[in-house]
Amino acid sequence: MPTPPLFIADLVVERGDKRIVDGLSLSLAPGEIYALLGGNGAGKSTTLFAILGFLERQGGSLTVGGVDVAANPDAVRRQVAYLPENVALYDHLTARENVDYFLKVAGCPRSRADVDAGFEGVGLAAAAWDERAARFSKGMRQKTAIALALLRETPLMLLDEPTSGLDPAAAGDFHRLLETLGRRGVAVLMVTHDLLGAADTADRIGLIQAGRIAREWTASPTVPRFDLNALHSGFASAR
Ligand SMILES: Nc1ncnc2c1ncn2[C@@H]1O[C@H](COP(=O)(O)OP(=O)(O)OP(=O)(O)O)[C@@H](O)[C@H]1O
Ligand SMILES: [Mg+2]
C-alpha cells in the first residue's frame, strides 16, 4: 500500500476544556476530493488546524504523506497548501506581490508566467493582478488566496470554505479546477457549507457531528454522482 497523502485515525482535539474532535477518522488517497460538511462549530476548522499542527492532538494518529505532524510539523507543512477560512493578505501589497511573498516564505518561488497562469486559472481579472489588495472585494481576496494555494503544487490541499465569497460562475470555475487537481493526483480536503457544490465535485462527502464523521457518502461512478435527497435528509437529521 502506498503512503496515503492524509491518514487520520481516532483523532481527539481539545480546545480549552472542551473536546471538539472526538474519534475522527479520515484518510485520503492521491487525487481524492473529500468534502467535509457540518454545522457551525462542529469542529471542521479545528480538524484542519490539527492536520497542520497548529493545534496539538490529545489522541489518535495523524500523518501526512507518512509524516507525523506532532514529530515534524515543518515537513508536514511543506507538503500541504492551506486556504484559511479568513483569508489574510497584505493590503499595501498587490495581488502579485502577496503571492510572490507567500510563495517565497513557503520556499517555492514561481515565475511571473506561472503566477499569471495561476491568476488566470482562478478567474482573477487581469486588471487586479498588479493592484493593491486594500481595494479588493471579498471574492478577489479569495481568488488570490486560491491561486496562491494552487501555485504551491503540494500533494495535499486543505481548503476551508474555498467558495465563500465567490460568485456562482467563479465557484463553478473553482470546482472545475479542483477536478483538474484530482486528475493530477492532488488530494483535497475541502470544508464547505455548499452541499450542491460538494455533490458536484467531491468523491466523498463526510458529515461531522459530535466530533467525528457521523455519515459518509461516496460518489457513484454514474450520474447522478450523489443522491441529493439522501444528502439533504442526512444533513437535516443531523441537526
Ligand atoms: N480559540 C478557541 N478556544 C476555545 N475554543 C474554541 C476556539 N476556537 C474555536 N473554539 C471552539 O471549537 C469548536 C469548533 O470550532 P471550529 O472553528 O472548528 O468549527 P467549524 O466546524 O469550523 O465551524 P464553522 O462552520 O462555523 O466555521 C466550537 O465550539 C468553538 O467554540
Ligand atoms: Mg470553520
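Our subject is the structure that appears above.
Bear in mind that the values here come from a model prediction, so they are computed numbers and not experimental data.

## Examining the coordination of the magnesium ion (ligand 2)
- In this structure, Ser 45 (OG) and Glu 85 (OE) serve as the protein donors to the magnesium ion (ligand 2), at separations of 2.1 to 2.7 Å. With Ser 45 in helix H1 (residues 44–52) and Glu 85 in the loop between strand S6 (80–83) and helix H3 (95–105), the pair connects residues that are 40 residues apart, well separated along the chain.
- Take Ser 45: its relative accessible area is 15%, and that puts it in the buried class.
- Judged by relative accessible area, which is 33%, Glu 85 ranks as partly exposed.

## Here's the deal with empty space enclosed by the protein
- Using the criterion set out here, one finds two cavities of 30 Å³ or more in the structure.
- One number sums up the size of the largest cavity: a volume of about 40 Å³.
- Taken together, Val 122, Lys 143, Ile 146, Leu 166, Ala 170, Asp 173, Phe 174 and Leu 177 make up the full set of residues lining the largest cavity.
- Among the elements of the structure, helix H5 (138–151) and helix H6 (168–183) are those that each provide at least two residues to the lining of the largest cavity.

## Some details on helix H8 (residues 228–237)
- Within H8, the full set of buried residues consists of Leu 231, Gly 234 and Phe 235. Projected down its long axis, H8 carries its buried residues within an arc of 95 degrees, all on one side. Facing away from the buried side of H8 by over 90 degrees, the exposed positions are Asn 229, Ala 236 and Ser 237.
- Taken together, the buried residues of H8 touch strand S3 (33–37), helix H7 (195–201), strand S9 (204–209) and strand S10 (212–218).
- Where H8 begins, one side-chain oxygen reaches toward the backbone nitrogen of Asn 229, 3.1 Å away; that side chain belongs to Asp 227.

## Re the layout of surface pockets
- Put simply, the largest pocket is a space of about 520 Å³.
- Along its surface, the largest pocket is lined by 20 residues, and Tyr 82, Pro 84, Phe 102, Leu 148 and Arg 152 are the ones closest to its centre.
- In terms of residue count, the dominant contributor to the lining of the largest pocket is S6 (four residues).
- When grouped by side-chain class, the residues that make up the lining of the largest pocket number 16 nonpolar, one polar and three charged.
- For the lining of the largest pocket, the domains that each give at least three residues are domain 1 (1–79 + 154–239) and domain 2 (89–153).

## Some remarks on the packing of H3 against helix H4 (residues 112–122)
- Contact pair H3 / H4: the axes reach a minimum separation of 11 Å and the direction vectors enclose 115 degrees. In this structure, the crossing between H3 and H4 has a hand that is right-handed. Contacts between H3 and H4 involve Ala 95, Arg 96, Val 99, Asp 100 and Leu 103 from the first element and Arg 112, Val 115, Asp 116 and Phe 119 from the second.
- Looking at the contact of H3 with H4 residue by residue, the classes come out as five nonpolar, no polar and four charged.

## Looking at the site of ligand 1
- Gly 41, Lys 44, Ser 45, Thr 46 and Glu 85 are the nearest of the 14 residues found near ligand 1.
- Gly 41 has a polar backbone atom sitting 2.8 Å from an oxygen atom of ligand 1.
- At 2.9 Å from an oxygen atom of ligand 1 is found a side-chain nitrogen or oxygen belonging to Ser 45.
- In isolation ligand 1 has 640 Å² of accessible area, and contact with the protein removes 64% of it.
- Every element with two or more residues in the shell around ligand 1 is listed here: strand S2 (18–28) and H1.
- Per element, the largest residue contribution to the shell around ligand 1 is three residues, and it comes from H1.

What counts and what doesn't
- Residues numbered from 1 in each chain as written.
- Chains lettered and ligands numbered in written order.
- Predicted model: local features only at pLDDT ≥ 70, side-chain atom pairs only at ≥ 80, totals over all residues.
- Heavy atoms only, no water.
- Donors = N, O, S within 2.8 Å, 3.2 Å for Na, K, Ca; no water.
- Helix = DSSP H or I, 4+ residues; strand = E, 2+ residues; numbered from the N terminus.
- Buried < 20%, exposed > 50% of the residue type's maximum accessible area, 1.4 Å probe, protein only.
- 1 Å grid on protein atoms, 1.4 Å probe; cavity = no way out; pocket = protein on both sides within 12 Å on 5 of 7 lines; lining within 4 Å.
- Points joined across faces, edges and corners; volume = space filled by probe spheres on them.
- Arc of directions from axis to C-beta.
- Contact = heavy atoms within 4.5 Å.
- Polar contact = N/O pair within 3.5 Å; in protein donor to acceptor, adjacent residues only side chain to side chain.
- Nonpolar A, V, L, I, M, F, W, Y, C, P; charged D, E, K, R; others polar.
- Domains from an automatic or database assignment.
- Axes fitted to C-alpha atoms, helices over the stretch in contact; angles between N-to-C directions.
- Left-handed = near helix turned anticlockwise from the far one by under 90°.
- Near = heavy atom within 4 Å.
- Areas by Shrake-Rupley, 256 points an atom, 1.4 Å probe, with all protein chains shown as cover.

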